[in-house]
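Descriptive analysis of the structure
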Amino acid sequence: MSRHGVHRLPRSGRPRRKALALGVIGASVVAGTVATMMPLLAADDLAIQAVADTTATRVPQDGDNAVKSTLATCPARCDGNNRGTRDAVIRFAVTTLPATAVNVRATLRVHSWRTFAATVTAHGSQVDAAAARPAPVAPSPAVDTVTGVRSGFNEWDVSRLVTGNGTVTVSLAQTGLETRIYWASAENRDPELRPRLLITYDLGGRPAPTPSTARPAPPTPSASPSTPAKPSPTVSPSRPAPRPTPSASTGSGRCGEVSPELVPSCGAWWGMYSPTSAADGWDHGRAVAEVEEQVGRKFDIVHRYHDFSNAGSNGAFPDAYQREQMRDGRLMFFAWESRIFSTGKVLTWADVYGGRYDATIDAVAGRIRDAGVPVFLGFDHEPEDEPEKGSDAEFVRAWRYVHDRFAAAGADNAVWVWTMMGWSGHYDRYAGLYPGDRYVDWVAYDPYNFHVCNGSKVWKSPSTTIGNFYRWLDEHGIGAGKPRMLAEFGTNFDAADPGAKRRWFEEFPAALKAHPKIKAAIYFNSPGMTTTTPTCNMTMNHDAAALAGFTRAGQDGYLRQPTRGSR
């Protein structure tokens with residue numbers, strides 16, 4: 001396969017594909033992203049599961065609604081019954097909201113399996129959500145309304161009901177359609193579909209950091225692709241002072257601000273990996289611009305893969321395309337692989353930390369430093385699938401060695417992204433692959449809904465796709481407090497359901513909101529990462545329906561940072 005930006009096919013016998021990019025990847029930086037921090041400190045957001053739910057109704061045939069896997073809503077006249085009112089009632093216990101929390105925002109998320117032309121309004125409720133069949137009561141004032149129920153998660157802003165720790169009970173009342181709508185309950189067998197209360201907040205009281213702690217504001221990079229790098233550093237690498245662990249939000253409460261580690265204050269970055277080819281003249285700029293034209297927006301992050309050749313666009317990065325993308329307000333993500341793409345040579349981690357490639361490391365560090373703006377940088381993504389490079393301990397040693405040489409070169413504008421596959425078969429290895437908090441700024445993984453592309457018949461929802469490793473990280477504390485990134489993600493289509501891929505994309509923003517530590521998501525838009533067949537195509541634009549769904553996802557306010565990149 002071509003060496004420029006194309007992933008190789010799976011090795012035989014491997015549990016899933018190894019997404020080894022054979023091409024150049026860049027990450028652009030939003031001009032002026034380093035903002036002065038406000039006197040607020042962000043805390044982890046909360047995704048709270050319901051403790052009880054039921055359907056309030058006077059219809060005796062409904063039985064015990066508190067133990068059913070579904071909730072129901074219906075107006076007074078329901079399926080021909082003039083006394084058929086059904087209100088879904090859901091109770092949450094908020095127990096960990098700090099007393100100093102400010103700017104509290106609460107979102108109720110409830111899943112419907114179908115689309116309905118109905119209006120559903122959320123109210124605060126005094127109904128007992130644990131009762132088998134409580135009677136409906138006159139609703140309290142409306143809190144928020146959804147007009148037009150969609151297939152997937154529907155959301156209501158219930159912030160006014162959350163005033164601190166305690167019990168929050170919400171009822172959903174339906175109008176405009178005289179037939180029942182069913183919703184997933186807390187007893188649903190799929191935990192990803194159960195109701196959630198998503199709470200985000202800021203903490204007040206801490207002083208703003210001094211300006212000296214921020215990375216430099218981005219100057220305008222040179223447009224010349226031949227601009228020479230500064231001389232390689234000759235000093236021995238010394239271990240830098242530990243960098244404070246960033247929160248998953250800047251905590252300013254002001255959307256549009258970005259922390260020194262490139263964490264957006266609201267929502268998440270939206271990114272793209274888009275390969276090019278010889279037929280396109282290896283035009284990496286056009287490869288991204290064409291997708292942006294299709295979806296009607298710029299991407300916040302542009303992702304490219306680079307090698308250790310220190311030559312051409314594969315190894316001498318950032319290149320002219322990336323400098324232009326940075327000038328135009330995009331963040332760069334350089335995924336740096338210890339390989340030589342043109343020859344297929346695989347380097348060993350022992351050779352990396354043994355000093356064999358110091359000249360290359362120092363040259364790259366010099367160019368990154370001279371970019372003058374923060375950039376995402378990863379070393380050897382998915383190392384758990386690279387046995388030919390060495391042991392897990394050798395990977396950690398090589399990562400730290402490269403990191404320390406960058407520090408010695410003054411390339412402190414590199415934001416370090418540790419990227420794993422996130423596959424459950426490697427859960428026992430991730431602690432041993434983690435370089436340590438002082439060497440990592442973001443924790444990333446690469447989730448996919450392969451469907452039949454890898455022989456499976458399972459169709460995974462966006463929330464299921466991204467949720468398993470997310471929860472595992474929470475449970476095991478690796479990279480605790482670090483922002484998270486989907487360094488790659490993607491989905492196949494379902495030949496039996498032509499609209500499934502469109503819906504998957506449309507539901508994706510809601511899945512991100514339910515996993516608020518994820519502050520960046522980058523679509524891997526390469527047809528070469530799997531074998532493209534009549535039932536397998538992982539690109540987001542392989543047909544009009546998929547493109548429409550992806551476009552809609554990118555229009556969600558959660559993914560539209562008020563910066564130059566996503567406008």
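The structure reproduced in this document is the subject of the present report. (Residues numbered from 1 in each chain as written. Predicted model: local features only at pLDDT ≥ 70, side-chain atom pairs only at ≥ 80, totals over all residues. Heavy atoms only, no water.)

1. Here's the deal with helix 5 (residues 358-371)
Compared with an ideal rise of 1.5 Å per residue, which puts 14 residues at 20 Å, helix 5 spans 20 Å between its outermost C-alpha atoms and is within 8% of the ideal. Most of helix 5 sits out of view: 11 of its 14 residues are buried. Considered for burial, the residues of helix 5 that qualify are Asp358, Thr360, Ile361, Asp362, Ala363, Val364, Ala365, Gly366, Arg367, Ile368 and Ala371. Here the buried face of helix 5 lies against helix 2 (312-315), strand 15 (331-336), helix 4 (349-353), strand 18 (375-379), helix 6 (392-408) and strand 19 (414-420). Downstream of helix 5 by a residue or two, Gly372 has a phi angle that is positive, lying close to 75°. (Helix = DSSP H or I, 4+ residues; strand = E, 2+ residues; numbered from the N terminus. Expected span 1.5 Å × (residues − 1). Buried < 20%, exposed > 50% of the residue type's maximum accessible area, 1.4 Å probe, protein only. Contact = heavy atoms within 4.5 Å.)

2. Re the packing of aromatic side chains
All chains considered together, the criterion is met by 38 aromatic pairs. Their ring planes at 80° and their centres at 5.0 Å tell us that Trp418 and Tyr434 sit as a pair that is edge-to-face. Taken as a pair, Trp418 in strand 19 and Tyr434 in the loop between helix 7 (430-433) and strand 20 (442-445) lie far apart in primary sequence, 16 residues in all. Tyr434 shares its class with Trp418; the two are buried. Through pairs of rings, three or more aromatic residues link up here, namely Phe308, Phe317, Phe334, Trp336, Trp349, Tyr357, Phe379, Phe395, Trp399, Phe406 and Trp416. In this arrangement the basic side chain of Arg484 is found over the ring face of Tyr470, its NZ or CZ atom lying 4.7 Å from the centre. (Phe/Tyr/Trp six-rings, centres within 6.5 Å; stacked < 30°, edge-to-face > 60°. Lys NZ or Arg CZ within 6 Å of the ring centre and 35° of its normal.)

3. Observations regarding the sheet that holds strand 8 (residues 142-149)
The strand order 3-5-10-7-8 describes an open sheet built from five strands, whose pairing is antiparallel. In this open sheet, the two strands that pair with only one neighbour each are strand 3 (52-57) and strand 8. Across the sheet, the mean angle from the axis of one strand to that of its neighbour is 20°, orientation sign disregarded. (Pairing = 2+ DSSP bridges. Axes fitted to C-alpha atoms, helices over the stretch in contact; angles between N-to-C directions.)

4. Observations concerning the nonpolar core
By size, the foremost hydrophobic cluster in this structure holds 73 residues, and its most contacted members are Phe406 and Trp418. Among the elements that line this core, the one with the most residues is helix 6, at seven residues. What Trp418 contacts, discounting residues up to four positions off in sequence, is Phe395, Trp399, Tyr430, Leu433, Tyr434, Pro435, Val440, Trp442, Val443, Ala444 and Ile478. With 32 residues, the next largest nonpolar core counts Ala88, Leu108, Val149 and Val158 among its residues. (Core = buried A, V, L, I, M, F, W, Y, C linked by side-chain atoms within 4.5 Å.)

5. Focus on unusual backbone geometry
Cis peptide bonds are those with omega within 30 degrees of zero, and the linkage from Phe317 to Pro318 qualifies with 0°. Locating Pro318 in the fold gives a position in the loop between helix 2 and helix 3 (320-327). One non-glycine residue, Asn103, lies in positive phi territory at about 55°. Mapped onto the fold, Asn103 is located in strand 6 (residues 101-112). Judged by relative accessible area, Asn103 falls into the partly exposed class, the value being 39%.

6. Things to note about the state of the cysteines
Scanning all chains against the criterion turns up two disulfides. There is a disulfide in this structure between Cys74 and Cys78, and the S-S distance comes to 2.0 Å. Taking the torsion about the S-S bond as the criterion, the Cys74 to Cys78 disulfide, at about 100°, is right-handed. Of the residues examined, Cys74 reaches a relative accessible area of 1% and is grouped as buried. There is a disulfide in this structure between Cys453 and Cys536, and the S-S distance comes to 2.0 Å. Because the torsion about its S-S bond is 110°, the bridge between Cys453 and Cys536 counts as right-handed. In this pair, Cys453 is assigned in the loop between strand 21 (448-449) and helix 8 (462-476) and Cys536 in the loop between strand 23 (518-524) and helix 10 (544-555), connecting sequence segments 83 residues apart. Judged by its relative accessible area of 3%, Cys536 is buried. (Disulfide = S-S within 2.5 Å.)

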